[in-house]
Every structure is written in C-alpha cells, then in structure tokens.
Amino acid sequence: GGDVLRYVPRAKFTGNHGSIDLFGVFLATNGQFFENRVFVDHNMKDCRSNVLYRGGAQGKGSHTVWVGDVVIRKNGTGTDTYEMNRNLLLDDGARADSVPNLEIETGEVQKAGHASVTGRLDDDQLFYLMSRGIDEHTARQLVIEGFFAGIFGEFPQPELKEKLLSRLNAAIERANR
C-alpha cells in the first residue's frame, strides 16, 4: 500500500548441492514505484537457482523496476541457474523496466540463462472473450488472472494462491476507481 517499495532478496549458498527457488509477484498502481533487486551468489559447486517474478503496473505514474543479478563465482562449477521477469502493463500510464544480469566467472556451468518480457494487455485476447459474450471488465480480469496464474501455479499451497489472487483483484479494483 505504500508509494515506494524496495525489495532486496539475497541468496548465497553455504554448501555444495544447494537449491533455491525465488518467486515474486507485484502490482504497482496509480503513482506507486516498486523496485525489486534480486541477488543470487553461486559460490559453491553444483547448486541450482530458479528466479521467477511477475509484475504488473496500472495507472498514471505507476512504475516497476526489476533487476536480477546472478553471479557464478570461479568455484561455482556445475551451476544450474535461470532467472525470468515478466511484466504486464495494464494501461498507457504504466511503466516497467527489467534488467536480468548474469556474471559468470567459470566456464564449467551446467546451465545459465535469463529472460525478460514486458507487454500490454492483448487486444486479441480481450476481443475473443468479448465476442463470446463476456463483458470488457470481466474479460480484462480473466486475461490478468491468466498472466499471473503462471507464477501462482508455482506455489504449492492452494490457500496462498487464493489469497494472492484476491489481493491482486482488490488492487486492480482500487486502481480502477
């Protein structure tokens, strides 16, 4: 609910064969600025990390920034890492910046990749739903829920999925007032 939010999760492996999953969901509305700066330090052998974040921005002046830094140190051989940030801009007043970074100090990695996608609501999806008798408000809500369902599916607790979806819908409703 704040105007400015900075979230800085850090992960550093303390033993070989470690594994971590970092998931994030965020929605900035009406002038809010959200910044996520994720850092994963692969400093041990045969470790795995998976960083998945999905965000949205809606309303005039809403702005999100996501920076994902993964460092694979010289002794981080056998690393398997991937980081992904996807952003959905819900109107013309919204902005999202995304910067995935990999710094690799060894040539002996199993896998290392990163990706970033930022896009707007798909007019074709909205048209398809509306041509089937769904009103525009509900069609928008379904497309937005579908976008975030990809990350909600990563959470094993059904009650957490429902709570996140409820909070997401409430934030969107507040922004539309």
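Here, the structure is the one placed above.
Just so it is clear, the model here is predicted, and its values are computed rather than measured.

A word on the nonpolar core
By size, the foremost hydrophobic cluster in this structure holds 20 residues, and its most contacted members are Leu121, Ile144 and Leu168. For this core, the elements supplying multiple residues, two or more each, are strand S7 (80-89), helix H1 (123-131), helix H2 (136-152) and helix H3 (158-176). Looking at this core element by element, the count peaks at 7 residues for H2. Apart from residues no more than four positions distant in its own chain, Leu168 is found in contact with Leu27, Ile144, Phe148 and Phe152. Counting residues in each nonpolar core, the second largest holds 14 residues, with Leu22, Phe34, Val38 and Val51 among its members.

Some thoughts on the environment of Gly150
Mapped onto the secondary structure, Gly150 falls in helix H2. Its relative accessible area of 35% is what places Gly150 among the partly exposed residues. Separated by 24 residues in the primary sequence, Gly150 and Leu126 have C-alpha atoms spaced 18 Å apart.

Here's the deal with the sheet that holds strand S3 (residues 19-29)
Strands sit in the order S3-S5-S7-S9 across an open sheet of 4 strands; the sheet is parallel. The strands lining the two open edges of the sheet, one partner per strand, are S3 and strand S9 (111-120). This sheet shows a mean twist of 5° between the axes of neighbouring strands, independent of strand direction. Bridge count between S3 and strand S5 (residues 48-58): 11 bridges; the pairing is parallel. Paired with Asp21 across the bridge in S5 is Asn50. Packed onto the sheet, H2 meets S3, S5 and S7 and runs at close to 165° relative to S5.

Things to note about unusual backbone geometry
Positive phi, normally seen in glycine, also occurs at Asn30, with a value near 35°. The topology assignment puts Asn30 in the loop between S3 and strand S4 (33-42). The class for Asn30 is partly exposed, based on a relative accessible area of 42%. Phi is positive for Asp46, which is not a glycine, with a value near 55°.

Brief notes about the packing of H1 against H2
The interhelical angle for the contact between H1 and H2, taken along N-to-C directions, is 130°, at an axis separation of 9 Å. In terms of orientation, H1 and H2 fall into the oblique class. By crossing handedness, the relation of H1 to H2 is classed as right-handed. Residue-level inspection shows Gln125, Leu126, Leu129 and Met130 of H1 in contact with H2, the latter providing Glu136, Ala139, Arg140, Leu142 and Val143. Its residues placed into classes, the contact of H1 with H2 shows 6 nonpolar, 1 polar and 2 charged.

What counts, and where the lines are drawn
- Residues numbered from 1 in each chain as written.
- Predicted model: local features only at pLDDT ≥ 70, side-chain atom pairs only at ≥ 80, totals over all residues.
- Heavy atoms only, no water.
- Core = buried A, V, L, I, M, F, W, Y, C linked by side-chain atoms within 4.5 Å.
- Buried < 20%, exposed > 50% of the residue type's maximum accessible area, 1.4 Å probe, protein only.
- Helix = DSSP H or I, 4+ residues; strand = E, 2+ residues; numbered from the N terminus.
- Contact = heavy atoms within 4.5 Å.
- Pairing = 2+ DSSP bridges.
- Axes fitted to C-alpha atoms, helices over the stretch in contact; angles between N-to-C directions.
- Parallel < 35°, antiparallel > 145°, perpendicular 65-115°, else oblique.
- Left-handed = near helix turned anticlockwise from the far one by under 90°.
- Nonpolar A, V, L, I, M, F, W, Y, C, P; charged D, E, K, R; others polar.

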